[in-house]
Amino acid sequence: MTEEFGKDFWEQRYRGHTAPRVRQPNAQLVAEAAALAPGAALDAGCGEGADARWLAGRGWRVTAVDIAAAALEHAREQAEMSGAEAAERIDWVEADLTTWVPPADHFDLVSTHYVHAAASREALFGRLAAAVAPGGTLLVVGHHPSGHGTAAVHGAPREVHFTAEEIAADLDAARWEIVVAEARTRSVTGHGGQELTLEDAVLRARKRP
Ligand SMILES: C[S@@+](CC[C@H](N)C(=O)[O-])C[C@H]1O[C@@H](n2cnc3c(N)ncnc32)[C@H](O)[C@@H]1O
């Protein structure tokens with residue numbers, strides 16, 4: 001993890017939001033998980049919880065982990081506003097993914113989006129992959145290194161970017177089937193209200209039963 005993306009960085013970022021913003025789920029999650037049968041999901045680096053809420057609304061039981069207490073406060077508020085039934089399906093966990101070890105072979109879906117891990121990336125994704133149950137899905141989405149606008153919007157240095165192929169290369173081919181490994185664009189509204197196109201790295205893999 002680069003120093004600048006430690007707990008203090010994220011706490012400050014979320015404390016800076018005076019009112020929690022109601023966010024939509026990530027487009028890549030919707031594209032990749034909409035057809036999956038609900039089960040147990042881990043959202044690693046859940047931020048303000050839009051993806052966890054979307055999964056819970058579709059019947060998943062979600063463990064949503066983030067290092068920032070402020071993000072989890074906003075996430076809880078928004079989940080409660082969006083309906084008690086779905087909110088009850090989410091467990092919010094404050095933990096540092098660089099050290100937190102999820103239960104092995106446990107989750108039907110492990111989803112992680114834009115967790116800015118650098119030096120710790122390989123080990124972190126290794127632990128997340130180990131947490132996928134046999135037959136389950138690993139979905140990793142990050143900023144692609146060639147993504148126009150990514151650095152301008154997020155200020156993220158090169159080392160937190162990756163390609164899907166780089167992540168796929170760390171998975172044991174005997175244990176994993178790569179379903180999707182590609183770069184994909186996504187439209188977002190920038191802080192100044194301008195429309196931006198960002199490039200994502202999307203890896204979806206299935207752990208062989
Ligand atoms: C760019 S945000 C993405 C949030 C959310 N996944 C999304 O797609 O909107 C990165 C998130 O990862 C969390 N995060 C970063 N490093 C972490 C770590 N070591 N352990 C747990 N969460 C972490 C941050 O607090 C932040 O909420």
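In this text the structure is predicted, and so the values were computed from the model without any measurement. (Residues numbered from 1 in each chain as written. Predicted model: local features only at pLDDT ≥ 70, side-chain atom pairs only at ≥ 80, totals over all residues. Heavy atoms only, no water.)

Colleague: Is there a simple way to think about the pattern of salt bridges in this case?
Modeller: Here the idea is simple: oppositely charged side chains can pair when their charged atoms come close. Under the counting rule described, the total for this entry stands at 10 salt bridges. Taking the shortest distance from any N to any O, the salt bridge between K7 and E94 comes out at 3.2 Å. Taken as a pair, K7 in helix α1 (residues 7-15) and E94 in strand β3 (residues 90-94) lie far apart in primary sequence, 87 residues in all. Taking relative accessible area as the criterion, K7 reaches 33% and is therefore assigned partly exposed. Across the salt bridge formed by E32 and R184, the nearest N and O atoms sit 2.7 Å from each other. With E32 in helix α2 (residues 27-33) and R184 in strand β6 (residues 176-189), this pair connects stretches of sequence that are 152 residues apart. (Salt bridge = Lys/Arg side-chain N within 4 Å of Asp/Glu carboxyl O. Helix = DSSP H or I, 4+ residues; strand = E, 2+ residues; numbered from the N terminus. Buried < 20%, exposed > 50% of the residue type's maximum accessible area, 1.4 Å probe, protein only.)

Colleague: It is not clear to me how helix α6 (residues 121-130) should be interpreted in this structure. Could you clarify?
Modeller: Residues spaced three or four apart along an α-helix face the same direction, because each turn holds 3.6 residues. Listed as buried for α6 are R121, L124, F125, L128 and A129. End-on, the buried residues of α6 take up no more than an arc of 135 degrees, which puts them together on one face. On the buried face of α6, the contacting elements are β1 (40-44), β4 (107-113), β5 (132-143), α8 (164-169), β6 and β7 (195-207). (Arc of directions from axis to C-beta. Contact = heavy atoms within 4.5 Å.)

Colleague: Honestly, the packing of α1 against helix α4 (residues 69-81) in this entry has me stumped. Any pointers?
Modeller: Any two packed helices are characterised by how steeply their axes cross, that is the angle between the axes, and by the distance between the axes. Axis separation between α1 and α4 bottoms out at 7 Å; the angle between their running directions is 40 degrees. Of the possible angle classes, the one that applies to α1 and α4 is oblique. Contact residues: K7, E11, Y14 and R15 in α1; A69, A70, A71, E73 and H74 in α4. Of the residues in the contact of α1 with α4, the class split is 4 nonpolar, 1 polar and 4 charged. (Axes fitted to C-alpha atoms, helices over the stretch in contact; angles between N-to-C directions. Parallel < 35°, antiparallel > 145°, perpendicular 65-115°, else oblique. Nonpolar A, V, L, I, M, F, W, Y, C, P; charged D, E, K, R; others polar.)

Colleague: Mind showing me how you'd approach the packing of aromatic side chains here?
Modeller: Any two aromatic rings considered together are summarised by their centre-to-centre distance and by the angle between their planes. Tallying each qualifying case throughout the model produces 3 aromatic pairs. Taken together, a centroid distance of 5.7 Å and an interplanar angle of 85 degrees make the contact between F125 and F162 edge-to-face. Here F125, found in helix α6, pairs with F162, found in the loop between α7 (150-154) and α8; they are 37 residues apart in sequence, far enough to count as distant. Judged by its relative accessible area of 2%, F162 falls in the buried class. (Phe/Tyr/Trp six-rings, centres within 6.5 Å; stacked < 30°, edge-to-face > 60°.)

Colleague: Mind showing me how you'd approach the layout of surface pockets here?
Modeller: The probe, sized like a water molecule, is rolled over the atoms to show the empty space still left. In this structure, the second largest pocket spans a volume of roughly 170 Å³. Around the second largest pocket, the lining is made up of 13 residues, and of these F125, G126, A129, D170 and L171 lie nearest the centre. The greatest single-element share of the lining of the second largest pocket, amounting to 5 residues, is contributed by α6. The residue inventory of the lining of the second largest pocket, partitioned by class, reads 7 nonpolar, 1 polar and 5 charged. (1 Å grid on protein atoms, 1.4 Å probe; cavity = no way out; pocket = protein on both sides within 12 Å on 5 of 7 lines; lining within 4 Å. Points joined across faces, edges and corners; volume = space filled by probe spheres on them.)

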